[in-house]
Amino acid sequence: MTELEQYRAKIDELDRQMTALFEQRMDVCKRVVQYKAQNGMEILQAGREDVVLQKARNNLKDQDYGEDIEEFYRQMMKISRGIQAREMERMGVSKEEPKPAVVGFQGVAGSFSEEALLMAFAPDQPRRNYPSFEEVFVALKSGEIDYGVLPIENSSTGSINAVYDLLMKYDFYIAQEVFVPVAQHLLALPAASMEDIREVYSHEQGFEQSRAFLAQHPDWKQIPYHNTAISAQMVSQAGDVHKAAIASGRAAELYGLKILRPTINTEKHNYTRFIIVAKALQPQADANKISMVFTLPNEPGALYGVLKEFAKGDINMLKLESRPAPGKTWEYVFYADFEVAHGLSQAQPIVQALWGQGVAAKLIGAYKKQNQ
Ligand SMILES: C=C(O[C@@H]1C=C(C(=O)O)C=C[C@H]1O)C(=O)O
């Protein structure tokens, strides 16, 4: 054997051992990827790779090979990740696309809530509708939906108290707001005329918003219904020329009704503010509006003490709403919206200052203020 042949025989023997070790190592990596698949982990674990590289360097006798052993392990781990990806595929675990959020709203297609949903989300956003406000909250709690779209106040008729109370009951947060222009029309079957109408169906808010118009027709029976769009659907299905609904133009289109009298709402500048409700606080980076909830001790100057903190910060209050505290007679929960220049960073010190005064204050939203 020449000298070269002797060296090569030695290399062959070391390679045989290295290939056996390589196989053993990769078999372990396959076990690792099974664990990762079961636990929803990514294949690449950069921190672990750093540790492997460091250990390889430490195990060297001759530090001259430092760079080289790192390169060797880098390549081996790249191969290891390739094998793990193949194994993942073989197991049928494909890299899942992030699922689009499912959004819930109250009412049927054509409701103002659905219009609000379309303003805040994509036209093809997966959505579910529910018969009542509370069912939207229940669906959000159970994880059936990721967001709920709910009306919180109307520019002419004021707050929608049921939604404020549900927000507190379920301890949810406001992720976003949108303003939907509300134009109420009198809708009826295509064959109907004004003289035919005897009964009008709508949501309470639809009647409330159209008071002046309805006062001109005292003989019409007003029948409160779940929702303006459901009223339109009902009139369409009933096929009765004596029935009319107060609902949106979109509802007319969807349910094949005609607009007997357009824009019958008294206040022509009429908007409903909708909130997008989420289970957790999702503060927006460019938030310029915050919503807070606080309960106050029943003592003189309690509300003043809270508002003073905001005044000190030169923060403009946009809205203050009080609701009876559940289970406590004559005690109130306050909801307040403020306009802030610096979002969360401005809100948090105030919340802390309020806690310092013994006020149970909670930030329930930091989002972008919309203009109606
Ligand atoms: C084997 C693993 O998967 C990958 C491959 C590594 C390796 O071959 O040593 C190390 C980290 C991960 O990027 C692991 O996470 O341990």
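The rules we used
Numbering of residues starts from 1 in each chain and follows the order in which that chain's sequence is written. Predicted model: local features are reported for residues with pLDDT of at least 70 only, side-chain atom pairs are reported and counted for 80 or more only, and whole-chain, interface and lining totals are derived from all residues. Only heavy atoms go into the side-chain values, all of them from the structure, while hydrogens and water stay out. Each residue is tested against the molecule or strand, and it is near if at least one of its non-hydrogen atoms lies within 4 Å. Here a polar contact means two N or O atoms within 3.5 Å. Within protein one must be a hydrogen donor candidate and the other an acceptor candidate, and residues neighboring in sequence count only if both atoms are side-chain atoms. Methods summary: accessible areas were calculated by the Shrake-Rupley approach with a probe of 1.4 Å, and residue burial reflects only the protein chains presented. Each helix is a run of H or I in the DSSP string that is no shorter than four residues. Each strand is a run of E no shorter than two, and both are numbered from the N terminus. When residue character is reported, Ala, Val, Leu, Ile, Met, Phe, Trp, Tyr, Cys and Pro are called nonpolar, Asp, Glu, Lys and Arg charged, and the others, Gly included, polar. UniProt positions are given in the numbering used here, feature names are shortened, and annotations may be inferred rather than shown by experiment. Each domain's limits were defined by an automated method or a database of domain assignments. The criterion for an aromatic pair is that two Phe, Tyr or Trp rings (for Trp, the six-membered ring) have centres within 6.5 Å, with stacked assigned to planes under 30 degrees apart, edge-to-face to planes over 60 apart and tilted to the rest. Only protein chains enter the calculation, and the probe is 1.4 Å; a residue is then buried if its accessible area is under 20% of its type maximum, exposed if over 50%, and partly exposed in between.

A.B. asks: Let's hear about the site of the ligand: which residues, and what values?
C.D. replies: Taken together, 13 residues sit near the ligand, with R25, K36, E49, S80 and Q84 positioned nearest. Within the side chain of R25, a nitrogen or oxygen atom sits 2.8 Å from an oxygen atom of the ligand. E49 is positioned with one of its side-chain polar atoms (N or O) 2.6 Å from an oxygen atom of the ligand. Its free accessible area being 360 Å², the ligand has 92% of it covered by the protein chains. Among the elements of the structure, α1 (3-38), α2 (46-59) and α3 (66-90) are those that each provide at least two residues to the shell around the ligand. Of the residues belonging to the shell around the ligand, the class tally is five nonpolar, three polar and five charged.

A.B. asks: Please give an account of the UniProt feature "domain: Chorismate mutase" (unreviewed entry) in the chain that cites residues and values.
C.D. replies: The UniProt record marks residues 1-88 with the feature "domain: Chorismate mutase" (unreviewed entry), using the residue numbering of this structure. Between the end C-alpha atoms of residues 1-88 the distance is 47 Å, and the span holds 83% helix and 0% strand.

A.B. asks: An account of the domain arrangement of the chain is requested, with residue identities and associated values reported.
C.D. replies: Structurally, the chain comprises domain 1 (3-90), domain 2 (185-261) and domain 3 (283-372). Relative to domain 3, the C-alpha centre of domain 1 lies at a distance of 56 Å.

A.B. asks: Describe the packing of aromatic side chains, listing the residues and the values that go with them.
C.D. replies: In total, this model carries ten aromatic pairs according to the counting rule given. Seen in terms of ring centroids, F72 and Y73 are 5.5 Å apart; in terms of plane orientation they differ by 80°. Their pairing is edge-to-face. On the accessibility criterion, Y73 (23% relative accessible area) is partly exposed. On the numbers, 4.7 Å between centres and 55° between planes, the contact of Y164 with Y335 is tilted. A residue pair is termed long-range when its members are at least 10 positions apart, and Y164 in helix α6 (residues 161-170) and Y335 in strand β14 (residues 332-339) qualify at 171 residues. For Y164, a relative accessible area of 5% corresponds to the buried category. On the basis of relative accessible area, Y335 is assigned to the buried category, the value being 5%. What links up through ring pairs into an aromatic cluster is the set F137, Y170 and F172.

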